[in-house]
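Coordinate inspection notes
Listed here are the chains, written in short residue letters.
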Amino acid sequence: FNLRLFHGVTMFLSWGFLLPLGMTIARFGKKWPNAWWFKLHRAIQITGLVLSTGGFISSILMVALNKFSAQPHSAIGIIVVVFGWFQFLNAVIRPHKEPDKPVTRARIIWEYVHKYTGRTAIILGLINPIQGLVYIHASAAVRGLYLAYALCWLVFYIVATAIGLPEGSPVA
């Protein structure tokens, strides 16, 4: 069983694909009927967090078994995973919107914290594998391909936001 491969695959699936996808759905899917955006966002984020947790545990085992760590990749990875779990806990305590009532101050603060902590985690989660690929001596082609992939997410998000913000949220 290759812990390094397991770590790379689970972290890529979580922070490189599922968690950015869930964030993107939450950001741009608000007009979908029957709150499908929220149902998908929640399911995808929980799946991504479970995979991330598996990847994090594998990194702890790698350090324990091989007595090494990859800095700054490890430090950024810890921050990303902590932010990911913070997002989950924050979502559990979110103040609910009351139908036909103004959005409360607590809800607005919660939305800022949830959205900007999540965006920070996603950006760091997309950037951090570059350090990991350097650490494992991946070829320049592999590093370049991953960088292009991560930049595609970022460009998509920026362009989609510039084209038109979704409606229905006090926080963009």
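The structure displayed is predicted, hence computed values, not measured ones. (Residues numbered from 1 in each chain as written. Predicted model: local features only at pLDDT ≥ 70, side-chain atom pairs only at ≥ 80, totals over all residues. Heavy atoms only, no water.)

It is worth spelling out a nonpolar patch on the surface at this point. A cluster of nonpolar side chains, namely Ile46, Val50, Trp85, Phe88, Leu89, Val92 and Ile93, defines an oily patch on the protein surface of about 680 Å² accessible area. Among the secondary structure elements, those contributing two or more residues to the nonpolar patch are α2 (36-66) and α3 (73-92). In terms of residues, the nonpolar patch owes the most to one element, α3, which gives four residues. Position of valine 92 among the secondary structure elements: in helix α3. (Patch = residues over 30% accessible without salt bridge, like charges linked within 9 Å, V, L, I, M, F, W, Y side chains within 5 Å. Areas by Shrake-Rupley, 256 points an atom, 1.4 Å probe, with all protein chains shown as cover. Salt bridge = Lys/Arg side-chain N within 4 Å of Asp/Glu carboxyl O. Helix = DSSP H or I, 4+ residues; strand = E, 2+ residues; numbered from the N terminus.)

Here we take up unusual backbone geometry. Of note, the phi angle at alanine 35 is positive, near 55°, even though the residue is not glycine. Mapped onto the elements of the fold, alanine 35 is located in the loop between α1 (3-28) and α2. For aspartate 100, which is not glycine, the phi dihedral falls at a positive 60°. Along the chain, aspartate 100 falls in the loop between α3 and α4 (105-135).

Tallied over the entire structure, the rule returns three salt bridges. When the shortest N-O distance is used, the salt bridge between lysine 97 and glutamate 111 registers 3.9 Å. One end of the pair, lysine 97, is in the loop between α3 and α4; the other, glutamate 111, is in helix α4, and 14 residues separate them in sequence. According to the relative accessible area criterion, glutamate 111 is buried, its value standing at 2%. Residue lysine 115 is joined to glutamate 111 by a salt bridge in which the shortest nitrogen-to-oxygen separation is 3.2 Å. Linking lysine 115 with glutamate 111, this pair stays in helix α4, spanning four residues, or about one helical turn. Pair check on accessibility: lysine 115 and glutamate 111 agree, each one buried. (Buried < 20%, exposed > 50% of the residue type's maximum accessible area, 1.4 Å probe, protein only.)

This part takes up the environment of glutamine 45. By the element assignment, glutamine 45 lies in helix α2. Among residues more than four places away in sequence, those in contact with glutamine 45 are Leu18, Leu19, Gly22 and Met23. (Contact = heavy atoms within 4.5 Å.)

Contact geometry of α3 with α4 gives a least axis separation of 9 Å together with a crossing angle of 150°. Viewed along their axes, α3 and α4 adopt a mutual orientation that is roughly antiparallel. The interaxial crossing formed by α3 with α4 has left-handed handedness. In terms of residue class, the contact of α3 with α4 is made up of 11 nonpolar, 12 polar and no charged. (Axes fitted to C-alpha atoms, helices over the stretch in contact; angles between N-to-C directions. Parallel < 35°, antiparallel > 145°, perpendicular 65-115°, else oblique. Left-handed = near helix turned anticlockwise from the far one by under 90°. Nonpolar A, V, L, I, M, F, W, Y, C, P; charged D, E, K, R; others polar.)

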